[in-house]
Amino acid sequence: MISAVIKKEILSNLLSYKFYVVILLTAVLVVTSFFVMARDYKERLADYSLIRPKPGEPIAVNPPNPLSIFAKGLDEAMARSFEVSIIGIHVRSGQKSGNAVFAFFPAPDFLYIVRVILSLVALLFGFDQVSREKEAGTLRLMLANPASRGGILAGKWLGNFLTLAIPFFLVTMLGTAVVNLDPAIRLSADQALRLGLILILTLFYIAFFLSLGILVSTLTRRASSSLVILLFIWALLVFILPNLGTLIARQAVEVPSVRALSEKRSQIWTREILLLTRDVGDRASHIKAISAENDAIEADYRIRFDRLVELARTINRISPVAGFIYAATEIAGTGVGEEGAFKNEVVRYKNSLLDRTLASPDSGMADHPAFRYTYRPLDRILTGGALFDAAWLIVFNILFFALSHTAFVRYDVR
């Protein structure tokens, strides 16, 4: 009986104009996103080729991540150029140059399309699965057959999920293959594996919103009521709850502003220069003092910032949307954890530069190795939190389907 329901749902979707409109819209958005983000990536790659650090150049800059085409995350922050000196680290001037008009129209990456558009599409497939059948009187006929309500619900879920997921998966894979033909964007085996995991997460994400749509459909009598309720929940889950934690965390955890940190560093620098001009201590001791105090300020800022981020992430996980974004960006190497690891590597590079300079004051910079950053391995990312966020998304799937089943078993078809 389940297979019959699955076939019925697939056939019903294939014969409806809604299916073709949704698939066409999704295909256009995904392909456009790939094209725009690939062009953006190549522009940033060209910029990197001009400023790529060479041995002896005290610059820390990371090449753009090819997976930022699909999940941009914090890749722009990680691709910034830092001036590294023995006393501190500064973002190079001119990093924010460019046409400010583009800020009004940020390029949507694949993850944004999935988060906003695909979630809405999944709800449109699920919002009337039960209430529409009741209004049409076909639900009573289906239940008159020797089939369990759980089997009918599972058939409806699978039929609609396959109708939505298969075309989306094919369009995404085709777009990825076209993008990968560009010699500037060839994905490595590790990056292809990460992209595959992101696509699997995407399917779980779509499945969650389909389950949510069916759940609300089993709790309402009319399809129009179900649609209105789901639009409210969708806005809450996608736009409000994922930002609620950040707002609360900013009130709970005090983090000094970047301007205050800059002023503090200037005060330390001025103080040590004045002491040096008064012949208090030698040059090396003043450099060590400036470096140590700057490191202490940076460490204190990082601890407070990490505390704020962790609190915000914990609260934001109320919404499965936040868990999906966290897991996908971490796997892509553009998440908060990767950005923190990159910053730590820049500090380590600065300290190695300081140690080398103090050990051999007369040595030049030419022999100092250029900055290189290696992304965290996938197993470390998964055990560092991405696996938890993925599991959290799966739990939401199971919970909402179980609730749908419970509601459908008690559903009054009269």
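Above this text you will find the structure in question.
Quick summary incoming for the structure in this document. Given the structure is predicted, the values throughout are model-derived calculations rather than measurements.

**Section: the environment of Val347**
Inference 1: By secondary structure assignment, the location of Val347 is in helix α13 (residues 336–359).
Inference 2: For the pair Val347 and Ile59, spaced 288 residues apart in the sequence, the C-alpha separation amounts to 12 Å.

**Considerations on the packing of helix α8 (residues 189–219) against helix α14 (residues 378–409)**
Inference 1: Between α8 and α14, the least distance of the axes is 8 Å, while the angle of their chain directions is 20°. By the angle class used here, α8 and α14 are roughly parallel. Between α8 and α14 the crossing geometry is left-handed.
Inference 2: Among the residues forming the contact of α8 with α14, the class breakdown is 22 nonpolar, 4 polar and 2 charged.

**Concerning the packing of aromatic side chains**
Inference 1: Scanning the model with the defined rule gives 22 aromatic pairs in all.
Inference 2: Geometrically, the ring pair formed by Trp157 and Phe161 is stacked, given 5.0 Å between the ring centres and 10° between the ring planes. Note that Trp157 and Phe161 are positioned in helix α7 (residues 149–180) at a spacing of 4 residues, about one turn of the helix. For the residue pair Trp157 and Phe161, the accessibility class agrees, reading buried in each case.
Inference 3: Residues Tyr301 and Phe305 carry aromatic rings whose centres are separated by 5.9 Å and whose planes lie at 15° to one another, so their mutual orientation is stacked. Separated by 4 residues within a single helix, Tyr301 and Phe305 lie in helix α11 (residues 283–316), roughly one turn from each other.

**Here we look at the sheet that holds strand β2 (residues 81–85)**
Inference 1: Read across the open sheet, the 3 strands follow the order β1-β2-β3; overall the sheet is antiparallel. With partners counted over all chains shown, the strands left at the sheet margins are β1 (59–61) and β3 (88–91), one partner each. Averaged over all adjacent pairs, the angle separating strand axes in this sheet is 25°, with direction ignored.
Inference 2: On the sheet, α13 packs against β1, β2 and β3 and is oriented at approximately 30° with respect to β2.

**Considering the environment of Ile51**
Inference 1: Within the secondary structure, Ile51 is located in helix α2 (residues 17–51).
Inference 2: Here the alpha-carbon distance between Ile51 and His405, two residues 354 residues apart in the chain, equals 58 Å.
Inference 3: Setting aside chain neighbours within four positions, we find Ile51 in contact with Val61 and Ser81.

**Things to note about α13**
Structurally, the α-helix is built with 3.6 residues per turn, so residues lying three or four positions apart point the same way.
Inference 1: With 24 residues, α13 should reach 34 Å at 1.5 Å per residue; the first-to-last C-alpha distance of 35 Å fits that figure.
Inference 2: Along α13, the residues classified as buried are Glu338, Glu339, Gly340, Ala341, Phe342, Lys343, Val346, Tyr349, Lys350, Leu353 and Leu354.

**Remarks on a nonpolar patch on the surface**
Inference 1: A surface patch of nonpolar side chains, about 570 Å² in accessible area, is lined by Ile2, Leu158, Leu162, Ile166, Phe169, Leu170 and Met173.
Inference 2: Element by element, the count of residues in the nonpolar patch is highest for α7, at 6 residues.
Inference 3: Tracing the backbone through its elements, the reader meets Phe169 in helix α7.
Inference 4: Phe169 gets classed as partly exposed once you look at its relative accessible area, which sits at 33%.

**Looking at the layout of surface pockets**
Inference 1: Looking at the second largest pocket, its volume works out to about 310 Å³.
Inference 2: Considering the residues around the second largest pocket, the lining is formed by 18 residues, among which Asp306, Glu310, Arg313, Val336 and Gly337 are closest to the centre.
Inference 3: Of all elements in the fold, only α11, α13 and α14 reach the threshold of two or more residues within the lining of the second largest pocket.
Inference 4: The biggest single contributor to the lining of the second largest pocket is α11, with 6 residues.
Inference 5: The residue inventory of the lining of the second largest pocket, partitioned by class, reads 6 nonpolar, 5 polar and 7 charged.

Reading guide: rules and limits
Within any chain, residue numbers begin from 1 and follow the written order of that chain's sequence. Where totals are concerned, whole chains, interfaces and linings use all residues; where local detail is concerned, this predicted model gives features only for residues with pLDDT of at least 70, and gives and counts side-chain atom pairs only at 80 or more. In computing side-chain properties, one takes all heavy atoms of the structure into account and sets aside hydrogens as well as water. Helix and strand labels come from DSSP, where a helix needs a run of H or I of at least four residues and a strand needs a run of E of at least two; each type is numbered from the N terminus. To get an axis, fit a line to the C-alpha atoms, keeping to the stretch in contact for a helix; angles then go from 0 to 180 degrees between the N-to-C directions. Under this scheme an angle from 65 to 115 degrees is roughly perpendicular, one under 35 degrees roughly parallel, and one over 145 degrees roughly antiparallel; angles in between are oblique. By definition, turning the near helix anticlockwise from the far helix through less than a right angle yields a left-handed crossing, and turning it clockwise yields a right-handed one. Residues are sorted three ways: Asp, Glu, Lys and Arg are charged, Ala, Val, Leu, Ile, Met, Phe, Trp, Tyr, Cys and Pro are nonpolar, and all the rest, Gly among them, are polar. Here the aromatic set is Phe, Tyr and Trp, taking the six-membered ring for Trp, and pairing holds for ring centres within 6.5 Å; pairs whose planes are under 30 degrees apart are stacked, those over 60 apart are edge-to-face, and all others are tilted. When a residue's accessible area, from a 1.4 Å probe over protein chains only, is under 20% of the maximum for its type it is buried; when over 50% it is exposed; and in between it is partly exposed. When DSSP finds two or more bridges between two strands, those strands count as paired. Every residue pair with non-hydrogen atoms within 4.5 Å of one another is taken to be in contact. By this rule, a helix spans an expected 1.5 Å times one less than how many residues it contains. To count toward a patch, a residue needs a relative accessible area over 30% and no salt bridge; like charges are then connected within 9 Å, while nonpolar side chains (Val, Leu, Ile, Met, Phe, Trp, Tyr) are connected within 5 Å. All accessible-area figures derive from a Shrake-Rupley calculation using a 1.4 Å probe, and residue coverage is judged against the displayed protein chains alone. In what follows, salt bridge is the name for a side-chain nitrogen of Lys or Arg lying within 4 Å of a carboxyl oxygen of Asp or Glu. In this analysis a 1.4 Å probe is tested at points of a 1 Å grid over the protein atoms alone, and where it fits but cannot get out there is a cavity; an open set with protein on both sides within 12 Å along at least five of seven lines is a pocket; lining residues have an atom within 4 Å of a point. Grid points are joined across faces, edges and corners, and a volume is the space filled by probe spheres set on the points.

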